[in-house]
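Analysis of the macromolecular model
Chain by chain, the residues run as shown.
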Amino acid sequence: MREKIWIIDFGSQYTQLIARRVRELGFSCVIFPLETAVEKLESSSPEAFILSGGPHSIFEDDSDFSELFKNAHIPVLGICYGMQIMGHLFGGKVERGTQGEYGMATIEAQNNFEIPGIESELKVWMSHFDHMSQLPPDFELIYKSKNNLFAGMKHKTLPRLALQFHPEVHHSQKGKEILDYFLRDIAKLEKDWSTQVMIDLCSQEVAGVKGKKVLCAFSGGVDSLVAATLAHNELGDDLYCFFVDNGLLRPQDLHHIELLKRETPLNIEIIDAKKIFFERFQGLSDPELKRKAIGKTFIEVFEQKVHEFEEKKNIKFEYLLQGTIYPDVIESVSPHGKSGKSVTIKSHHNVGGLPERMKLKLLEPLKFLFKDEVRVMGEALGLRHERVYRHPFPGPGIGIRVLGELKEESVVKVQQSDQILFEELNLSGLYEQCWQAFTVLLPVKTVGVKGDARAYEEVICLRIVESVDGMTATWSNFPAEFLSKVSSRITNEVPGVTRVVYDITSKPPGTIEWE
Ligand code: XMP
């Protein structure tokens, strides 16, 4: 993968956003924690560094930042905490904040500083407590906030720029242009990132296994679909996609797979395993036990069906293709202190252990891409827009959306209510306005009136959220008319449901799924 710019992560919630903006501007980049970057500097070197923000205070952080500045010709952009690191290291003064600056602030250009096409007064996003009160020698002030705090500085001769605000956040006016100014005018970098470059790099990775039989645990989700499409272009019919129907799907999910079978050249085998899944989670109500039973059954069924297939066709699979993406593998720095690194493993834990058990080597061509890049690439590979802009759907499916014991009739209630929500989202054009939207069956009964009779029936909860990567989320403030329509259709059309509620919890503290 190309690694022109190294983004050093100091635990900011916006680090991945910096990387996405940089790539949108046409420059390749990767994210490393400080320690990893320093180790890698022994054998390779970036063309620029960007230091992210972070929750720490320079007064409590004893890290050695000097390695990043050892080669004075490597351009550096410091953002927020990154500006304080730069200021402190070169002899400026950082002061402990008394009230901090959070949210929107107005900044004004200083000392005749001007970026062509950018106004001298801008509204930008701030989020800091400490601030710089004295510039280091050889730096000049370029922006000051209306609260009279230093908001940006630039080295007089070396390619070093620092901003107290967050240009990567979309509320910051001209933020992207300011990043572009650093990359092009200060760092003088050439563009090296585009959709075609992504396709070429990912295709090369797949081309390395040409001639081998490759298996894909296909979910029909965006990542596995794009990975499979890309791989099929290189491998043709040596790629086999197996889709497991665990009985915990919504009607739209099966329909989606049928459409893909028709629309794409992919070789998709559907394994109908509904019966065995229902037998396995009989009587289970604890969320962890349900998840484990679903995951374990998936692996068993998958392994058995693949072996049968191998025998029948007299072939042997050597690789497992997975749609792992960059946020799944980034070594991320905890925003909650310097407790070290953690590897985020989220969406693929359902099939954890599968490659080792089946003695398959992993093929993960998308592992350096962000979700939005995967989507753009999917469309460039000829997939229809609506296929690559689907909401994520978790491996355990409806199994974690029927709270408590998983009974067949409960699964049907979620399938029916979810279908109504899905239809209404599409009708109102709101489907792509949210990250995920689904229904959950709550384990309570409430009193209602249906016709003239008293009803004592179940409750469906609507969960609709906005998010960028599923790590944090806010509930969607969708129009009351829309919610009301969905509610009345569910109570009228889904037998056994008398009440619909709307979940207005953000993540954190709530998670997106209820279990
Ligand atoms: P939570 O509930 O942790 O969900 O806020 C964050 C995102 O991850 C999805 N999710 C899963 N995906 N297997 C998956 O493939 C799982 O076990 C799983 N659990 C949660 C969830 O739908 C949301 O998009």
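Residues numbered from 1 in each chain as written. Predicted model: local features only at pLDDT ≥ 70, side-chain atom pairs only at ≥ 80, totals over all residues. Heavy atoms only, no water.

Here we take up helix 6 (residues 222-235). For helix 6, spanning 14 residues, the distance from its first C-alpha to its last is 20 Å, which sits close to the expected 20 Å at 1.5 Å a residue. Of all 14 residues that make up helix 6, twelve are buried, and the element is covered over most of its length. Along helix 6, the positions that sit buried rather than exposed are Val222, Asp223, Ser224, Leu225, Val226, Ala227, Ala228, Thr229, Leu230, Ala231, His232 and Leu235. Downstream of helix 6 by one or two residues, Gly236 has phi in the positive range, about 60°. (Helix = DSSP H or I, 4+ residues; strand = E, 2+ residues; numbered from the N terminus. Expected span 1.5 Å × (residues − 1). Buried < 20%, exposed > 50% of the residue type's maximum accessible area, 1.4 Å probe, protein only.)

Moving on to empty space enclosed by the protein. Where empty space is left becomes clear once a probe the size of a water molecule has been rolled over the atoms. On inspection of all chains with the given rule, the structure shows one cavity of 30 Å³ or more. Looking at the largest cavity, its volume works out to about 50 Å³. Taken together, Arg250, Gln252, His391, Asp418, Leu421, Phe422, Leu425, Tyr431 and Ala437 make up the full set of residues lining the largest cavity. Tallying contributions element by element places helix 14 (residues 408-427) first for the lining of the largest cavity, with four residues. Looking at the lining of the largest cavity residue by residue, the classes come out as five nonpolar, two polar and two charged. (1 Å grid on protein atoms, 1.4 Å probe; cavity = no way out; pocket = protein on both sides within 12 Å on 5 of 7 lines; lining within 4 Å. Points joined across faces, edges and corners; volume = space filled by probe spheres on them. Nonpolar A, V, L, I, M, F, W, Y, C, P; charged D, E, K, R; others polar.)

A separate point is the pattern of salt bridges. Following the criterion strictly, the structure yields 38 salt bridges and no others. Glu310 is the partner of Lys316 in a salt bridge, and the nearest nitrogen-oxygen pair spans 3.7 Å. Among the residues examined, Lys316 registers a relative accessible area of 52% and is labelled exposed. Through salt bridges that share partners, Glu423, Glu424, Lys485, Arg489 and Glu493 make up one connected network. (Salt bridge = Lys/Arg side-chain N within 4 Å of Asp/Glu carboxyl O.)

Turning to the nonpolar core, a few remarks are in order. Formed by 65 residues in total, the largest nonpolar core has its most connected members in Ile5, Ile8, Ile50, Leu51, Tyr143, Phe165 and Phe182. Counting residues per element, this core draws most heavily on helix 4 (residues 175-186), at six residues. The residues that make up this core include at least three from each of domain 1 (5-186) and domain 2 (195-388). If near-sequence neighbours (up to four positions away) are discounted, Ile5 is found in contact with Val22, Phe27, Ser28, Cys29, Val30, Ala48, Ile50, Leu183 and Leu189. (Core = buried A, V, L, I, M, F, W, Y, C linked by side-chain atoms within 4.5 Å. Domains from an automatic or database assignment. Contact = heavy atoms within 4.5 Å.)

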